[in-house]
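A look at the structure
Residues per chain are reported as follows:
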Amino acid sequence: MGVKLSLGVSLGAVLAIVLVALVGAQVSSLQPIFGIFVPYAAFVIFILGFIYRVVDWGRSPVPYRIPTTCGQQKTLPWIKNDEIENPSSTLGVIGRMILEIFAFRSLFRHTKAEMASGNIVCGGSKWIWLGALAFHYSFLIIAIRHLRLFVEPVPAFVNGLGIVDGMLQIGVPELYITDVLLLAAVSYLLVRRLIVPKMRYISLANDYFPLFLILGIGISGVLMRYFIRVDIVSVKELAVGLASLHPTVPEGIGAIFFVHVALVSTLFAYFPFSKLMHAGGVFLSPGRNLANTNRAKMHVNPWEYPVKIHPYEDYENEFREKMKNAGIPVERE
Amino acid sequence: MANIPKYYESLNIDFKPPRGNWMDRPLNIKPGIYCYPARPEVLKKAGMNDRSDWGKYWVIEDEDWELPDDWKERFLNKMRDMLGKYRTFKIYMDICVRCGACADKCHYFLGSGDPMNMPVMRAELLRSIYRGEFTKTGKILGRLAGARKLTKDALRQLWYYMFQCSECRRCSVFCPYGIDTAEITIMGREIMNELGMNIAWIQESVTKCLFTGNHLGLQPHTYKECVDTMLMDIEDNVGISFEPSWNRKGAEILFVTPSGDVFADPGIFTLAGYLLLFEHLGLDYTWSTYASEGGDFGYFTANEVAKRMNGKIYAEAKRLGVKWILGGECGHMWRVLNQYMTTWHGPIDFLEEPVSPITGTKFENAKAHKMVHIMEFTADLIKHNKLKLDPSRNDRLKVTFHDSCNPSRGMGLFEEPRYVIKSVCNHFYEMPENTIREQTYCCGSGSGLNASENMELRLRGGFPRQNALRYVREKYGVNMLACICAIDRAALPPAAQYWNPDVGVCGVTELVANALIMEGEGPRTHNLRGFEIATWEPEP
Ligand code: SF4
Ligand code: SF4
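Here the structure is a predicted model, which means the values were calculated and not measured.

Concerning the overall build of chain A
The secondary structure content of chain A amounts to 14 helices and two strands. By the compact-globule yardstick of 20 Å for 333 residues, chain A is too spread out, its C-alpha radius of gyration being 28 Å. Reported as C-alpha extents along the three principal axes, the dimensions of chain A are approximately 100 × 50 × 45 Å. Sorting the 333 residues of chain A into buried and exposed places 50% on the buried side. Intrachain contacts of chain A at a sequence separation of at least 6 include 64% that bridge at least 24 residues. Where the 29 positive side-chain charges of chain A centre and where its 22 negative ones centre are 6 Å apart.

Put into structure tokens, the structure is as follows:
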């Protein structure tokens with residue numbers, strides 16, 4: 001399958017969802033399906049799927065400790081060890097994981113190798129780190145901001161976040177910085193896959209699809225907020241209804257809202273079955289979440305079994321004469 | 001041996017992969033890139049999956065591989081088994097987002113430009129089969145989900161590229177999830193091992209080691225003779241003579257090193273280094289002919305085989321009744337020792353927690369394992385002023401240090417060797433930042449790929465390392481590359497000869513021994529290699 005087909009299929013799938021939602025929104029009898037059933041179903045699939053995947057991973061043991069050590073080991077007392085990059089304790093591991101999860105530490109190390117007049121030149125390159133960071137953080141903030149739709153009264157931190165996010169105060173309603181960042185970051189991640197030949201080579205349809213999906217979510221959200229206004233009171237009514245398990249679909253919310261919800265629901269339902277599960281996997285990755293204490297502590301492998309080791313006696317039986325002649329001690333003459 | 005491209009041709013590397021999907025591209029097999037397959041009788045002797053009952057002696061070029069009828073089942077069963085046994089394997093199959101952060105980190109990719117040598121692609125080869133054979137989405141969506149079925153073509157491709165990974169783990173340093181492609185290729189190799197698909201260079205070493213005690217198949221008397229020869233050279237160059245002990249019960253320490261140190265130039269000078277250092281200290285230690293191998297090529301075939309080989313070290317320590325074990329300079333030996341050994345055989349209560357008899361230092365980091373790295377041991381000695389040193393004897397040397405992949409990324413041994421080198425040499429220079437410590441480049445020949453028929457692969461894979469070396473050679477006049485790995489000492493010289501012809505390769509303990517002022521030594525006019533100290537230039 002070529003790039004074009006992967007792209008076409010992914011984009012096509014997202015457009016199809018948009019279309020279905022648009023059509024569904026027109027038929028008022030279908031609105032409960034798109035407004036209530038689909039979000040609930042997606043949410044349930046997400047939760048159960050997520051748990052299933054994590055439990056499934058958890059079922060495979062971690063027999064050996066194989067962390068990647070990116071710093072000095074803990075050794076002689078006068079040698080300073082790197083507790084974060086090569087942890088010797090649970091605390092160190094926690095530190096490492098925090099940096100990994102909140103600051104994308106490993107990605108920060110990224111270098112780019114190039115050939116320049118017969119030499120490999122390899123230097124730091126922070127773009128992918130910055131792009132990934134911008135993407136994940138704006139997504140997170142946007143998700144938190146959405147809480148104001150689901151709960152009443154709105155918690156102070158959610159309001160506060162909205163105020164900080166809207167600091168630029170451009171237009172009415174004020175422009176959220178994270179909206180812009182998210183769209184920019186997703187576009188960067190998508191364009192990068194398309195124009196960097198190496199990235200194009202390794203990309204699959206299931207790399208493009210989530211990007212289109214999130215782009216669609218972002219665009220529909222932005223449209224809804226700034227351009228094709230929806231009735232925010234009705235939206236809140238629906239959202240609070242969903243959250244309190246007494247859902248109703250108020251009249252006249254506007255079609256774009258259903259598009260947005262359908263795309264978000266697809267993302268939720270798709271999540272556990274895709275690479276998006278890296279969100280759960282990063283916590284469990286034995287490459288990063290183990291302390292390098294292999295020599296200091298005994299670790300038990302649940303399925304370890306004894307193996308046949310060529311015994312010394314057999315060895316000596318085979319070589320006894322030669323050993324004696326060479327003056328090497330033997331057990332039996 | 002295949003034709004090796006000229007220097008300038010090799011530099012003509014294009015990192016840009018071709019257009020189109022890799023699944024549609026036929027495997028382009030190039031001589032000089034792959035190793036000869038393991039011979040059935042050698043597999044059989046080791047009690048491993050020999051192919052004598054099902055197929056002929058296959059070579060990668062053969063269209064028709066006579067695999068057993070149930071080859072597919074065997075493969076998939078083994079893979080299923082391993083997915084259930086290793087969380088690493090399962091998670092690494094599932095969570096790669098193909099961000100490409102690892103893509104340009106592999107020395108084989110950098111040296112060859114072959115897009116399948118991007119770590120992510122190496123893993124995708126197996127991952128696509130995982131999706132196609134084990135996951136529902138992959139079964140339903142097929143190639144749309146990046147899935148494919150296990151076919152003979154897929155198997156050949158897998159074999160070709162799993163044996164183009166030196167398990168160096170450089171890629172995993174940069175992966176946002178710590179995905180360790182080396183772990184994946186190790187699994188891939190173990191699965192293929194079920195079909196008897198290993199390479200001769202690895203398998204011969206394994207079989208020899210299982211029965212003779214070491215990879216080289218040196219019998220006890222020969223092993224001792226090799227050391228005796230070195231002792232004669234020491235007498236010539238240092239002016240003292242002494243005898244270490246062999247298989248001695250009741251010694252305090254058992255010393256284990258890779259057999260490469262005993263046999264091949266320049267490793268033998270590291271061996272001389274060990275001998276002199278221990279003599280200098282008057283250490284109560286012994287060599288063993290039975291546990292005469294620290295390296296573990298079994299690790300490149302299957303977990304069980306690795307364990308069978310490794311177990312001899314503890315068995316011998318127990319038989320001899322030593323207190324603890326000292327380990328020499330070796331790369332994957334330490335990876336295996338650090339990551340697997342106690343889990344395989346522990347708890348090790350017949351040995352004591354290692355304490356240096358010279359300084360009294362307790363090696364708490366080796367409390368359970370009871371095995372100390374010679375760099376930890378030596379650094380501690382120097383710190384406590386227990387060595388009489390004259391670093392000026394190494395003055396002709398401008399030294400740089402190659403962080404051997406395994407002690408660096410499998411263990412985190414960075415400062416000890418640097419401390420030791422700086423204490424015994426006056427001229428030390430680091431290679432560029434992105435090429436040392438955890439970002440170090442592989443020698444290009446690790447994990448059993450240091451055969452000769454794959455020399456082009458080795459030279460290409462060695463290029464990034466040599467490129468960094470060339471930088472310090474040109475800038476500071478570096479003429480000696482120190483390392484702490486026996487494979488490095490075998491692999492780096494041909495690569496250096498190709499890219500940096502006037503740079504020599506040595507172990508760190510060789511440098512220590514050159515600087516050691518031995519009691520009763522003659523005038524030290526010559527170093528361990530027999531070169532005059534005053535005018536010494538390393539071998540070209
Ligand atoms: S860096 Fe990790 S997640 Fe990214 S492509 Fe490589 S293996 Fe996959
Ligand atoms: S482990 Fe090393 S050789 Fe293997 S893919 Fe990663 S960088 Fe390449």
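Re the site of ligand 1
The environment of ligand 1 is made up of C96, V97, R98, C99, G100, A101, C102, V120, C175, P176, Y177 and I179 of chain B. For the shell around ligand 1, the residue count by class is ten nonpolar, one polar and one charged.

Describing the interface of chain A and chain B
Listed by partner, the interface residues are 93 residues for chain A and 119 residues for chain B. Around 9100 Å² of area is buried between chain A and chain B when both sides are counted, 58% of it from carbon and sulfur atoms. Where chain A packs against chain B, one counts seven salt bridges. Note that E376 of chain B is salt-bridged to R295 of chain A, the shortest N-O span being 2.5 Å. There are 68 residue pairs in polar contact (both at pLDDT 80 or more) connecting chain A and chain B. With six residues, the top contributor of residues to the side of chain A that touches chain B is helix α9 (residues 197-202) of chain A. Of the residues belonging to the side of chain A that touches chain B, the class tally is 45 nonpolar, 26 polar and 22 charged.

Some thoughts on the site of ligand 2
All names here are of chain B. By nearness alone, 13 residues border ligand 2, and C106, C165, C168, R169 and C171 come closest of all. Residue assignment for the shell around ligand 2 shows that the elements contributing at least two residues are α5 (107-112), α6 (119-134) and α10 (181-193). Counted by class, the shell around ligand 2 contains seven nonpolar, three polar and three charged residues.

Regarding unusual backbone geometry
Looking along the chain, the bond that leaves E152 of chain A and enters P153 of chain A is cis, with omega of -5°. Tracing the sequence through the fold places P153 of chain A in the loop between α6 (147-150) and α7 (156-165). The omega torsion across D265 of chain B and P266 of chain B is 5°, close enough to zero to call that bond cis. Among the secondary structure elements, P266 of chain B is positioned in the loop between α13 (260-263) and α14 (267-281). At R437 of chain B, a position not held by glycine, the phi torsion is positive, near 50°. The topology assignment puts R437 of chain B in the loop between α20 (415-424) and α21 (455-476). The class for R437 of chain B is partly exposed, based on a relative accessible area of 24%. Positioned with a positive phi, S447 of chain B is a non-glycine residue whose angle comes to about 55°.

Section: the packing of α20 of chain B against helix α23 (residues 508-515) of chain B
All names here are of chain B. Orientation of α20 relative to α23, taken along the N-to-C sense of each, is 30°, at an axis distance of 9 Å. As far as their axial angle goes, α23 and α20 are roughly parallel. Once α20 is placed against α23, the crossing between them reads as left-handed. Taking contact as the criterion, the partners of P417, V420, I421 and V424 in α20 are, on α23, V508, L511, V512 and A515. Here the contact of α20 with α23 is built from residues that sort into eight nonpolar, no polar and no charged.

Definitions and limits used
- Residues numbered from 1 in each chain as written.
- Chains lettered and ligands numbered in written order.
- Predicted model: local features only at pLDDT ≥ 70, side-chain atom pairs only at ≥ 80, totals over all residues.
- Heavy atoms only, no water.
- Helix = DSSP H or I, 4+ residues; strand = E, 2+ residues; numbered from the N terminus.
- Rg over C-alpha atoms; globule rule 2.2 N^0.38 Å.
- Buried < 20%, exposed > 50% of the residue type's maximum accessible area, 1.4 Å probe, protein only.
- Contact = heavy atoms within 4.5 Å.
- Lys, Arg positive; Asp, Glu negative; His and termini not counted.
- Charge placed at Lys NZ, Arg CZ, Asp CG, Glu CD.
- Near = heavy atom within 4 Å.
- Nonpolar A, V, L, I, M, F, W, Y, C, P; charged D, E, K, R; others polar.
- Buried area = accessible area lost by both parts, 1.4 Å probe.
- Salt bridge = Lys/Arg side-chain N within 4 Å of Asp/Glu carboxyl O.
- Polar contact = N/O pair within 3.5 Å; in protein donor to acceptor, adjacent residues only side chain to side chain.
- Axes fitted to C-alpha atoms, helices over the stretch in contact; angles between N-to-C directions.
- Parallel < 35°, antiparallel > 145°, perpendicular 65-115°, else oblique.
- Left-handed = near helix turned anticlockwise from the far one by under 90°.

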